[in-house]
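Observations on the three-dimensional arrangement
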Amino acid sequence: MPKTRKTTPAAEPPKMYREIASWWQLLSAPETYEEEAAFYLRTLIEGCERKPRTLLELGSGGGNNACYMKGSFDETVLVDLSPDMLAVSRGLNPELEHVEADMRTVRLGRTFDCVFVHDAVTYMLTERDLRQAMETAFLHCNPGGATLFCPDHVRETFGPSDDHGGHDSATGRRGLRYLEWTWDPDPDDTTYTVDYAYLMRSDDGSIRVEHDRHLEGLFSRADWLRWLGEAGFRPERIPFDHSELEPGIYELFLGRKPG
């Protein structure tokens, strides 16, 4: 019989999306998103049966993708669970509508040609979580429209890794550097762990150190495609090769809503 995978209850929201959200753009600067946002935009447009005019982003975070994608739509609406991250996004995208809500349960009462779910989908930790997010996307997607999900990993290609980086403010006085460590303490459940160590330098030169743990969901390629199909989409796996990423490791999932 196939092995039954354990599931994991919801985790505490990471610090980066709460008390240290004001540091977000020094962890993940908007200018580093241009290449990937162009790929997401092209994939969504090509997935639609007609030229799309409206975009809904679920789990929009600090708005880094939206700042590149919004110019291609007449209307863009951003939804995120974190009020602190929405505040960051409003600074970058002041003209856009921002809604504080959970991608699993939000119901806006209107539909969009494109629905975009970037890496915030990795915080769907269980099958139920992920299916609810897919249902939300389907309900908000126009017939003939497209939805794009962008998980950081699928089970088939997951492996432990580490990374580092960070940015300085425009003045150079404020800055952040991070060490990222991705690992899976229990291969039999539906999650993996990403630990961050942040060094944050304030304007006065003082240094603050924080540890931040992110619990993230991990599902197989077959699960993604099956659940998207059961939600009502015509699902498709999209390989994603970015100039700064190892080829063949990352993949996205496109759901076309029948017209």
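Relevant structure appears above.
What counts, and where the lines are drawn
- For every chain, the first residue of its written sequence is number 1, and the numbers climb from 1 along that sequence.
- Given that the model is predicted, a residue must reach a pLDDT of at least 70 before its local features are reported, and side-chain atom pairs must reach 80 or more before they are shown or counted; all residues, however, enter totals for whole chains, interfaces and linings.
- Values reported for side chains reflect all heavy atoms of the structure, with hydrogen atoms and water molecules removed beforehand.
- Remark: exposure states derive from per-residue accessible area (1.4 Å probe, protein chains only) relative to the maximum for the residue type, with buried under 20%, exposed over 50%, and partly exposed in between.
- Only DSSP runs of H or I with at least four residues qualify as helices, and only runs of E with at least two residues qualify as strands; both kinds are numbered from the N terminus onward.
- Note on handedness: a clockwise path from strand one over the helix to strand two, with the strands aimed away from the viewer, defines a right-handed crossover.
- Here the rule is simple: two strands pair whenever DSSP picks up at least two bridges between them.
- Helix axes are fitted only over the stretch in contact, all axes being lines through C-alpha atoms; the angle between N-to-C directions runs from 0 to 180 degrees.
- What makes a nonpolar core is a set of buried Ala, Val, Leu, Ile, Met, Phe, Trp, Tyr and Cys residues whose side-chain atoms join them at distances within 4.5 Å.
- Patches here: salt-bridge-free residues with over 30% relative accessible area, like charges joined within 9 Å, nonpolar side chains (Val, Leu, Ile, Met, Phe, Trp, Tyr) joined within 5 Å.
- The method behind every accessible area is Shrake-Rupley, applied with a 1.4 Å probe, and residues are considered shielded solely by the protein chains displayed.
- What makes a salt bridge here is a side-chain nitrogen of Lys or Arg within 4 Å of a carboxyl oxygen of Asp or Glu, nothing more.
- Here the aromatic set is Phe, Tyr and Trp, taking the six-membered ring for Trp, and pairing holds for ring centres within 6.5 Å; pairs whose planes are under 30 degrees apart are stacked, those over 60 apart are edge-to-face, and all others are tilted.

Among the six residues of strand β4 (residues 112-117), six are classified as buried, and the element is accordingly described as predominantly covered. Read from β4 through helix α5 (residues 127-140) to strand β5 (residues 141-149), the crossover connection turns out right-handed.

As a further point, take the sheet that holds strand β9 (residues 207-217). Judged by pairing direction, the sheet is antiparallel, and its four strands sit side by side in the order β6-β7-β8-β9 without closing on themselves. Both outer strands of the open sheet, β6 (161-168) and β9, are each paired with one neighbouring strand and no more. Geometrically, the sheet is characterised by an average inter-axis angle of 15 degrees between neighbouring strands, direction not taken into account. Across eleven bridges, strand β8 (residues 191-201) lies against β9 in antiparallel orientation. Bridging across to β9, threonine 193 finds its partner in leucine 215.

What follows covers the nonpolar core. One finds Leu58, Leu130, Phe149 and Trp224 to be the most contacted residues of the largest nonpolar core, which totals 28 residues. The leading source of residues in this core is α5, at five residues. Within the second largest apolar cluster, 19 residues are counted, among which are Ile20, Tyr178, Val194 and Met200.

Where nonpolar side chains cluster on the molecular surface, the patch consists of Leu199, Ile207 and Val209 and spans about 290 Å² of accessible area. The topology assignment puts valine 209 in strand β9. Valine 209 gets classed as exposed once you look at its relative accessible area, which sits at 58%.

Two numbers describe a pair of aromatic rings. These are the distance of the centres and the angle of the planes. Across all of its chains, the model carries 13 aromatic pairs by this definition. Where phenylalanine 158 meets tyrosine 192, the ring centres are 4.9 Å apart and the plane angle is 45 degrees; that geometry is what we call tilted. Highlighted residues: phenylalanine 158 in the loop between β5 and β6 and tyrosine 192 in strand β8, separated in sequence by 34 residues. For the pair formed by phenylalanine 158 and tyrosine 192, the shared burial category is buried. Look at phenylalanine 219 and tryptophan 227: their rings are 5.6 Å apart centre to centre, the planes differ by 70 degrees, and that puts the pair in the edge-to-face class. As far as burial versus exposure is concerned, phenylalanine 219 and tryptophan 227 are alike and both buried.

Just geometry here; none of it tells us what the structure is for.
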